[in-house]
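Structural characterization, general
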Amino acid sequence: MQDRFVHCIAQLPQPLADHLVPLLNQDFVGHMDAQQVDDLAKAANMSHDELLLAILPVAAALARPPISEFYVGAIAKGASGDIYMGANLELDGEALFHSVHAEQSAISHAWLSGETGIKDIIVNASPCGHCRQFMNELVQGQAIKIHLPEQATQPLSHYLPYAFGPSDLNIKTPLLSKQQHEFALESSDPMIIEALDHLSLSYAPYSQSYAAVVLETRDGATFCGRYAENAAFNPSMLPMQMALSAMARHNRDFSEINRAVLIESSQGKISLVGATMDALHAVAAVELEHIMVDPV
């Protein structure tokens with residue numbers, strides 16, 4: 001079992017802990033498939049809802065909050081039945097807008113894994129306004145069920161009434177919808193090819209500033225992030241923050257980064273290069289490779 005989970009396991013009922021520990025091996029990054037969730041619920045004699053609330057401390061153990069020292073865990077349950085954990089991330093000494101909220105982390109985890117819908121969000125603290133607006137960007141966002149400890153389950157519409165979202169700006173394919181954008185770029189560099197793949201899947205309906213980041217560590221592992229824009233603009237999730245959140249879930253230290261690539265559309269109304277460089281230089285002494293590409 002990974003060291004970061006030792007404390008949270010001690011908080012769980014013994015039958016649940018006994019069956020959960022084997023899953024928390026060195027490869028565990030916060031994802032369980034639907035069958036694993038079902039098996040764990042049966043072994044612990046819990047309903048699925050009870051189980052997901054009970055294992056929130058495991059999600060919170062993924063957090064890196066050097067500023068707030070407040071650990072928040074979230075679990076996104078996808079349309080597939082798989083679950084995706086996320087946790088808050090803060091960049092030490094940097095402006096707070098670089099922070100990633102736990103709900104954003106869990107949702108981006110699901111999106112990067114190929115989910116096209118989120119049914120439930122389980123979180124250990126009431127979603128802030130920022131996260132409510134971020135969730136409202138998703139496919140059928142208002143119907144997502146929010147589960148909180150010792151509170152009745154309610155849809156997002158309960159927490160965000162009279163919401164403003166994609167449909168108000170005539171966007172018919174909200175975040176997590178299947179969509180792909182084509183860009184022209186010839187390269188034999190595997191890292192750039194990977195960045196281009198994520199660029200094509202990024203979500204920027206308001207600025208058309210499609211963008212993606214790929215981070216490479218010294219051992220050759222790569223971690224990706226895609227731009228996830230929001231109708232309210234400020235809750236947008238930058239690709240660098242998404243990639244750093246992925247690294248945190250994989251229990252990797254940011255000092256391991258030895259290469260970073262930002263790829264973005266040449267036709268976008270904005271550029272993410274400044275914010276991306278700020279975040280990168282806060283965590284690693286690496287220069288950013290910035291590539292602009294033309295849409296097909």
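Predicted model only: the values in this text are computed from it and were never measured.

1. Here we look at the environment of asparagine 25
With respect to the helices and strands, asparagine 25 occurs in the loop between α2 (14–20) and β1 (31–32). Considering only alpha carbons, one finds asparagine 25 and aspartate 3, 22 residues apart in sequence, at a separation of 9.7 Å.

2. A word on the pairing of strand β3 (residues 83–87)
One face of the sheet, then the other: side chains in a regular strand alternate in exactly this way. For β3, the tally of buried residues reaches five of five residues, placing the bulk of the element in the interior. The alternating pattern of β3 places Ile83, Met85 and Ala87 and Tyr84 and Gly86 on opposite faces, both of which are buried. As defined by bridge partners, β1 adjoins β3 across two bridges and the pair is classed as antiparallel. Looking at β3, one finds that methionine 32 is bridged to isoleucine 83. Bridge count for strand β2 (residues 73–78) against β3 is five bridges, and the pairing is antiparallel. Looking at the pairing, glycine 73 lines up with alanine 87 of β3. Taken together, β2 and the strand that follows it, β3, pair antiparallel across an intervening segment of four residues, in which glycine 81 is found at a positive phi of about 95°.

3. Concerning the UniProt feature "binding site: substrate" (unreviewed entry) in the protein
Here the UniProt-annotated "binding site: substrate" (unreviewed entry) positions come out as Asn88, Leu89 and Glu90. On the secondary structure map, asparagine 88 appears in the loop between β3 and α6 (102–112). Since its relative accessible area comes to 7%, asparagine 88 is described here as buried. If we ignore the near neighbours within four places in the chain, the residues touching asparagine 88 are Ala63, Arg64, Pro65, Ser68, Phe70, Tyr71, Val72, Val100, His101 and Ala102. As for its position among the elements, leucine 89 is in the loop between β3 and α6. Apart from residues no more than four positions distant in its own chain, leucine 89 is found in contact with Arg64, Ser99, Val100, Gln241, Leu244, Ser245 and Phe254.

4. Describing the pattern of salt bridges
Scanning the entire structure with this criterion turns up six salt bridges. Note that aspartate 38 and lysine 42 form a salt bridge whose closest N and O atoms lie 3.2 Å from each other. Note that aspartate 38 and lysine 42 are positioned in helix α3 (residues 34–44) at a spacing of four residues, about one turn of the helix. The residue aspartate 189 makes a salt bridge to arginine 259 at a minimum N-O spacing of 2.6 Å. Remark: arginine 259 occurs in strand β10 (residues 257–265) and aspartate 189 occurs in the loop between β7 (183–184) and α9 (190–201); sequence separation between them is 70 residues. Members of the salt-bridge network, linked through shared partners, are Asp189, Arg259 and Glu289.

The rules behind the values
- Residues numbered from 1 in each chain as written.
- Predicted model: local features only at pLDDT ≥ 70, side-chain atom pairs only at ≥ 80, totals over all residues.
- Heavy atoms only, no water.
- Helix = DSSP H or I, 4+ residues; strand = E, 2+ residues; numbered from the N terminus.
- Buried < 20%, exposed > 50% of the residue type's maximum accessible area, 1.4 Å probe, protein only.
- Pairing = 2+ DSSP bridges.
- UniProt positions renumbered as here; feature names shortened; annotations may be inferred.
- Contact = heavy atoms within 4.5 Å.
- Salt bridge = Lys/Arg side-chain N within 4 Å of Asp/Glu carboxyl O.

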